[in-house]
Amino acid sequence: ADYIVSGEFVTADSAIGVKNILISPMTSVDTSDFFVMVTKFWNKSGTALDNVIVGTVEDWDIPSDSGSRNSSNFDAGRKLMYMQGWEAGQADTFCASSIMGNNAVEADLRLGGSAFFGGFQFKPSGIKAADKYEEAQVSFTFKRTNWMGGDVRSHIPAQELYDTLSGAVYGYGPWHSTLSDPVTNPDSLYRDLAMITSYGMFNLGVSDTLVFVKFLASEYDGGLAGIQETIDQARAYSLKYLCCEIWGIPGDADVGGSVNILDVVYIINFKYKSGPGVKWPSSTYGAGNDNCDALMDADGNGAVNILDVVYVINYKYKSGPAPKCPYVLDF
């Protein structure tokens, strides 16, 4: 795997810091159509901040037969909101038709979107069950040239957006044309759209940090089935390689919330007595997608063996170094 860390961003009043990590597997070409985006929000103000809404804005501009006119939809099971190109049976106007015209790829087979994975709020007291989030508040698309009564291509009105997200809005909301006769005016179904995802409203203590994970995925010619497969790959990749960093506690093999002698027993049972692996600390993804054996790799060398047993014992009873994840996100 490889990753890129963004610079640090701050809100206009410098009260909240923001940083992104974009992670992409580099081991095979079939997993190159997605990024795992880990976003960190933290309180920089020195005082508690209440009713803070955090989220993302995305402007995909999927190439279409008419500029970047897109439609949008969602897959709730995959927590996916996506945009789709418009196929009108003509050469693309988004880019040179001699390079990528409608004869090469049908525009409605091109998609781009994002799927929510999970998040947590880290507090000085640790991460409790109530501080883990398995659903975003809302994800929706909107027409950039006429939303909230104006043109939002250059900026989104902050107060109007905050008021909207503060209300009872949940789930998924793809934009739909309000014209009454889309059959005779099909281009009314496709517009220059943008996407907003709100992770929710939070109270941030002085030392609190929010971390959220989502997948950014694109599909060139495989349509909806293609991007769904890509999201499934992204989820499997994150479950297998990033569960330690995103959700779990290194060394907490039995996912009991702390590292103790029971974790030593768990690792020994797994390694030498055909015991079970580590179950994913979240219940969202179900059987078959719950492997989090990285939590047993206490020394972080990429393998679970007797050295991890010794490492946990040294940490717990001999003041040794704390267990660590095999793959560290450099925030």
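Look a little higher up for the structure.
Residues numbered from 1 in each chain as written. Predicted model: local features only at pLDDT ≥ 70, side-chain atom pairs only at ≥ 80, totals over all residues. Heavy atoms only, no water.

1. Some remarks on the overall build of the chain
This is how the line gets drawn: Only DSSP runs of H or I with at least four residues qualify as helices, and only runs of E with at least two residues qualify as strands; both kinds are numbered from the N terminus onward. Contact between two residues is taken to exist if any of their heavy atoms lie within 4.5 Å; hydrogens are not considered. Here the open area of atoms and residues is found with the Shrake-Rupley method and a 1.4 Å probe, where only the protein chains shown may cover a residue.
A tally of regular secondary structure across the chain gives six helices and 13 strands. Counting only contacts in the chain whose residues sit at least 6 apart along the sequence, the fraction spanning at least 24 positions is 67%. When the accessible surface of the chain is split by element, carbon and sulfur atoms take 54% of a total near 15,800 Å².

2. Comments concerning the environment of Asn20
Test applied: N or O atoms within 3.5 Å of each other form a polar contact, as long as, within protein, one can give a hydrogen and the other can take it, and as long as residues adjacent in sequence are counted only when both atoms are side-chain atoms.
Within the secondary structure, Asn20 is located in strand S3 (residues 16-24). Between the C-alpha atoms of Asn20 and Phe9, which are 11 residues apart in sequence, the distance is 9.2 Å. Look past the residues within four positions of Asn20 in its chain and what remains in contact with it is Ile4, Val5, Ser6, Met37, Val38 and Thr39. At a separation of 2.5 Å, a polar atom in the side chain of Asn20 contacts the side chain of Thr39.

3. Remarks on the pattern of salt bridges
For clarity, the threshold we go by: Throughout this description, the term salt bridge denotes a Lys or Arg side-chain nitrogen within 4 Å of a carboxyl oxygen of Asp or Glu. Accessibility here uses a 1.4 Å probe with only protein chains present; expressed as a share of the type maximum, an area under 20% marks a residue as buried, one over 50% as exposed, and anything in between as partly exposed.
In this structure the tally under the stated criterion is six salt bridges. Asp232 serves as the salt-bridge partner of Arg78, at 3.0 Å between the closest nitrogen and oxygen. On the criterion of sequence distance, the pair formed by Arg78 in the loop between strand S6 (70-75) and strand S7 (80-85) and Asp232 in helix H3 (residues 223-241) is long-range, its members being 154 residues apart. Residue classification places Arg78 among the partly exposed residues on the basis of a relative accessible area of 22%. Residues Glu135 and Lys79 are paired through a salt bridge, measuring 3.9 Å at the closest nitrogen-oxygen approach. Pair noted here: Glu135 is in the loop between strand S9 (132-133) and strand S10 (138-143) and Lys79 is in the loop between S6 and S7, with a separation of 56 residues, a long-range link. Within the structure, one salt-bridge network assembled from shared partners comprises Asp75, Arg78, Asp232 and Arg235.

4. Quick look at the pairing of strand S12 (residues 193-204)
For clarity, the cut-off: Here the rule is simple: two strands pair whenever DSSP picks up at least two bridges between them.
In terms of residue burial, S12 counts as a mostly covered element, since 10 of its 12 residues are buried. In this structure, strand S5 (residues 49-58) lies alongside S12, joined through eight bridges in antiparallel fashion. Directly across from Ile53, in S12, lies its bridge partner Met201.

5. Description of the sheet that holds S5
Short version of the rule: For helices, the axis comes from a line fit to the C-alpha atoms of the stretch in contact; other axes are also lines fit to C-alpha atoms, and the angle between any two N-to-C directions lies between 0 and 180 degrees.
The strand order S5-S12-S10-S11 describes an open sheet built from four strands, whose pairing is mixed. Lying at the two open borders of the sheet, with one neighbouring strand each, are S5 and strand S11 (171-173). In this sheet, adjacent strand axes meet at a mean angle of 20° when their direction is disregarded. Two strands pair when backbone bridges link them, and S10 and S11 are joined in this way by three bridges, in the parallel orientation. Counterpart to Phe140 in the pairing with S11 is Gly173.

6. Notes on the packing of aromatic side chains
Stated precisely, the cut-off is as follows: Here the aromatic set is Phe, Tyr and Trp, taking the six-membered ring for Trp, and pairing holds for ring centres within 6.5 Å; pairs whose planes are under 30 degrees apart are stacked, those over 60 apart are edge-to-face, and all others are tilted.
Counted by the stated rule, this structure contains 12 aromatic pairs. With 5.0 Å between their ring centres and 5° between their planes, Phe74 and Tyr172 make a pair best called stacked. You can see Phe74 sitting in strand S6 and its partner Tyr172 sitting in strand S11, a full 98 residues away along the chain. The exposure class of Phe74 is partly exposed, given its relative accessible area of 34%. Judged by centre distance (6.3 Å) and plane angle (45°), the rings of Phe116 and Phe212 are tilted. Within this pair, whereas Phe116 is found in strand S8 (residues 111-122), its partner Phe212 is found in strand S13 (residues 209-219), the two being separated by 96 residues in sequence. The exposure class of Phe116 is buried, given its relative accessible area of 6%. Taking the relative accessible area as the measure of exposure, Phe212 reaches 0% and is therefore buried. Of the aromatic side chains, those joined through ring pairs into one cluster are Phe41, Phe116, Tyr133, Tyr199, Phe202 and Phe212.

Function cannot be inferred from these measures alone, as they are strictly geometric.
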